[in-house]
Amino acid sequence: MTATIPTTATTATRRLTGFKPTGNLHLGNLLGAIQPIITGQYRGETIAFLADLHALTVTHDPARVRELTLEQATILLAAGLDPDRSLLYVQSQVSEHAELHYLLECATGYGEAHRMIQFKEKSAGQQQVRLSLLTYPVLMAADILLHDAREVPVGDDQSQHLELARDVATRFNARYGQTFTVPRAVHPEVATRVMNLADPTAKMGKTSSLDTGTIFVLDPPEVIRRKVLRAVTDSGSTVEYDPEHRPGVANLLEILAACVDGKPTELAADYTSYGQLKQAVAEAVTALLHPIQVRHAELTRDPGYVRRVLADGAERARHSAADTVHRAKRAIGLLT
Ligand code: AMP
């Protein structure tokens, strides 16, 4: 994954989540981002977008990006995103993201972008680094500022990017007059972070080379079973929840807890062997994914529906985004 966008930004009533179409959605995406959207949409305003512009910051296959964009949107709907309650759209279909990105670039220093740790890490060793990889945190700032998000829950790896968004917004406001809401980072107390089953020290990710440890949302039951049963566990044989010393078992217990809405420490007491625990995890994950897979198959037979939802979402998103861009253009000196 090259361009992580934060991706959960909220005001008290607004939650903004972006999904990069750089690979197939996995259990980490589902438990860490999609399920909070589904439950959150009944409590406040929810915005989910397919961050296809961010997918272009690294070598990409055009047909695959297009295909993944539609697939991810279909999975979000299959998982329960309600287009009447939530806003779902494709980033590139709301040109205000790119427009605001440019205006914000004019308020960002080269040195600021170049300092980003993720840019250093992700560009290291690459022969051809796209300029967009350098500037993607500015696009991320545009994603956030476009929707006037006040609070942005971020993990440690995104703190620096959020800081950049704050700096750029503050500077823009100071130079050109109050234009943007300055977002504040919040660190969720309980952040679901699903780890790779083959390497519990690495986060489960879409483009990991460790596919054997990544459960994809559309994996068939027998594949899920195989991956879970092969999960790396720690030395020892008793089932205890100890993330520091037994990260493999802790990850399995956390996955189980998320699937059955339980607590890892309490669930640990129900199992006397790793084998038993793995069987339970395989069953729980399969049961969680089954209805999503069935609905996904139904929706796939009617791609017109998904496209209509996306077109309608883009229309609605444009409406509110246009207001922010208009404000920014006028402030910075463009004829509007
Ligand atoms: P991405 O996969 O970068 O497009 O991220 C989409 C959303 O899924 C973001 O909100 C991420 O924080 C979340 N996410 C990605 N990987 C994981 C993981 N392994 N565990 C929990 N949440 C994740």
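Worth saying up front: this structure is predicted, and the values here are computed from it rather than measured.

Thresholds applied
Residues numbered from 1 in each chain as written. Predicted model: local features only at pLDDT ≥ 70, side-chain atom pairs only at ≥ 80, totals over all residues. Heavy atoms only, no water. Salt bridge = Lys/Arg side-chain N within 4 Å of Asp/Glu carboxyl O. Helix = DSSP H or I, 4+ residues; strand = E, 2+ residues; numbered from the N terminus. Buried < 20%, exposed > 50% of the residue type's maximum accessible area, 1.4 Å probe, protein only. UniProt positions renumbered as here; feature names shortened; annotations may be inferred. Pairing = 2+ DSSP bridges. Right-handed = clockwise from strand over helix to strand, strands pointing away. Lys, Arg positive; Asp, Glu negative; His and termini not counted. Contact = heavy atoms within 4.5 Å. Domains from an automatic or database assignment. Buried area = accessible area lost by both parts, 1.4 Å probe. Polar contact = N/O pair within 3.5 Å; in protein donor to acceptor, adjacent residues only side chain to side chain. Core = buried A, V, L, I, M, F, W, Y, C linked by side-chain atoms within 4.5 Å. Phe/Tyr/Trp six-rings, centres within 6.5 Å; stacked < 30°, edge-to-face > 60°. 1 Å grid on protein atoms, 1.4 Å probe; cavity = no way out; pocket = protein on both sides within 12 Å on 5 of 7 lines; lining within 4 Å. Points joined across faces, edges and corners; volume = space filled by probe spheres on them. Arc of directions from axis to C-beta.

Any chance you could explain the pattern of salt bridges here in plain terms?
When the charged atoms of two side chains lie near each other, side chains of opposite charge can form a pair. By the definition in use, this model includes eleven salt bridges. A salt bridge links Glu99 to Lys329, with the nearest nitrogen and oxygen atoms 2.9 Å apart. In this pair, Glu99 is assigned in helix H3 (residues 96-105) and Lys329 in helix H12 (residues 303-332), connecting sequence segments 230 residues apart. Judged by relative accessible area, Lys329 falls into the partly exposed class, the value being 24%. Ionic pairing is found between Glu240 and Arg246, a salt bridge with its closest N-O pair at 3.8 Å. Accessibility expressed as a relative area gives 13% for Arg246, which makes it buried. Several salt bridges share partner residues, and in doing so they unite Asp148, Asp323 and Arg327 into one network.

Help me out: how do you make sense of the UniProt feature "short sequence motif: 'HIGH' region" (unreviewed entry) in the chain in this one?
Here the UniProt feature "short sequence motif: 'HIGH' region" (unreviewed entry) sits at residues 21-29. The distance separating the terminal C-alpha atoms of residues 21-29 is 12 Å; by composition the span is 33% helix and 0% strand.

Where do I start with the pairing of strand S4 (residues 86-90) in this structure?
The side chains of a regular strand alternate between the sheet's two faces. Burial within S4 is extensive, with five of its five residues counted as buried. In S4, alternate side chains face the same way, and those of Ser86, Leu88 and Val90 on one face and Leu87 and Tyr89 on the other are all buried. Of the pairings in the sheet, the one linking strand S3 (residues 45-50) to S4 comprises five bridges and is parallel in character. Bridged to Ala48 within S4 is Leu88. Crossover handedness for the path S3 to helix H2 (residues 62-78) to S4: right-handed.

Looking at this structure, how should I read the side chain of Asp52?
Here Asp52 is to be found in the loop between S3 and H2. No salt bridge is formed by the buried Asp52; the nearest opposite charge belongs to Arg66, separated by 8.4 Å. Setting aside chain neighbours within four positions, we find Asp52 in contact with Pro21, Val65, Thr69, Val90, Gln91 and Ser92.

Where do I start with the domain arrangement of the chain in this structure?
Taken domain by domain, the chain consists of domain 1 (9-190 + 302-332) and domain 2 (221-298). Between the C-alpha centres of domain 1 and domain 2 the distance comes to 31 Å. Contacts between domain 1 and domain 2 engage ten residues on the former and nine residues on the latter. Where domain 1 abuts domain 2, roughly 800 Å² becomes buried across the two surfaces, and 79% of that area is made up of carbon and sulfur atoms. The largest per-residue losses of area from domain 1 upon contact with domain 2 belong to Leu27, Leu31 and Ala78, which jointly make up 50% of the total buried on that side. At the junction of domain 1 and domain 2, the tally comes to zero salt bridges. For the pair domain 1 and domain 2, the number of links is zero residue pairs in polar contact (both at pLDDT 80 or more).

Just to check I follow, could you spell out the nonpolar core for this structure?
Considering soluble globular proteins, one finds that nonpolar side chains tend to be buried as a cluster. Leu27, Leu30, Ile34, Leu88, Leu277 and Val285 are the most contacted members of the largest nonpolar core, which has 53 residues in total. When residues of this core are sorted by domain, at least three fall in each of domain 1 (9-190 + 302-332) and domain 2 (221-298). Membership of the second largest hydrophobic core comes to 39 residues, among which are Leu103, Tyr136, Ile144 and Leu164.

Sorry, what's going on with the packing of aromatic side chains here?
All chains considered together, the criterion is met by three aromatic pairs. Relative to Tyr176, the ring of Phe172 has its centre 5.0 Å away and its plane inclined at 65°; by these criteria the two rings are edge-to-face. One end of the pair, Phe172, and the other, Tyr176, are both in helix H7 (residues 156-176), four residues apart, so they sit about a helical turn from each other. Under the relative-accessibility criterion, Tyr176 is labelled partly exposed at 29%. Through successive ring pairs, a cluster of aromatic residues spans Phe172, Tyr176 and Phe180.

What exactly am I supposed to notice about the layout of surface pockets here?
Left-over empty space is what a probe sized like a water molecule reveals as it rolls over the atoms. By volume, the second largest pocket amounts to about 290 Å³. Residue lining of the second largest pocket: 13 residues in total, with Asp52, Arg66, Thr69, Val90 and Gln93 positioned closest to the centre. Contributing elements (two or more residues each) for the lining of the second largest pocket: H2 and H12.

Explanation requested: helix H8 (residues 221-229) in the structure shown.
Residue pairs three or four apart in sequence face the same way in an α-helix, which turns once every 3.6 residues. Those residues of H8 that fall on the buried side of the exposure criterion are Val223, Ile224, Lys227 and Val228. Buried positions in H8, seen along its axis, are confined to an arc of 130° and lie on one side of it. Buried residues belonging to H8 abut helix H9 (247-260) and helix H11 (274-300).

Explain the pairing of strand S2 (residues 14-19) to me, please; I cannot follow it from the model alone.
Within S2, five of the six residues are buried, which leaves the element mostly enclosed by the surrounding structure. Where S2 meets S3, six bridges bridge the pair, whose relative direction is parallel. The partner of Phe19 across the bridge, within S3, is Leu50. The β-α-β motif built from S2, the intervening helix H1 (residues 27-40) and the parallel element S3 has right-handed crossover chirality.

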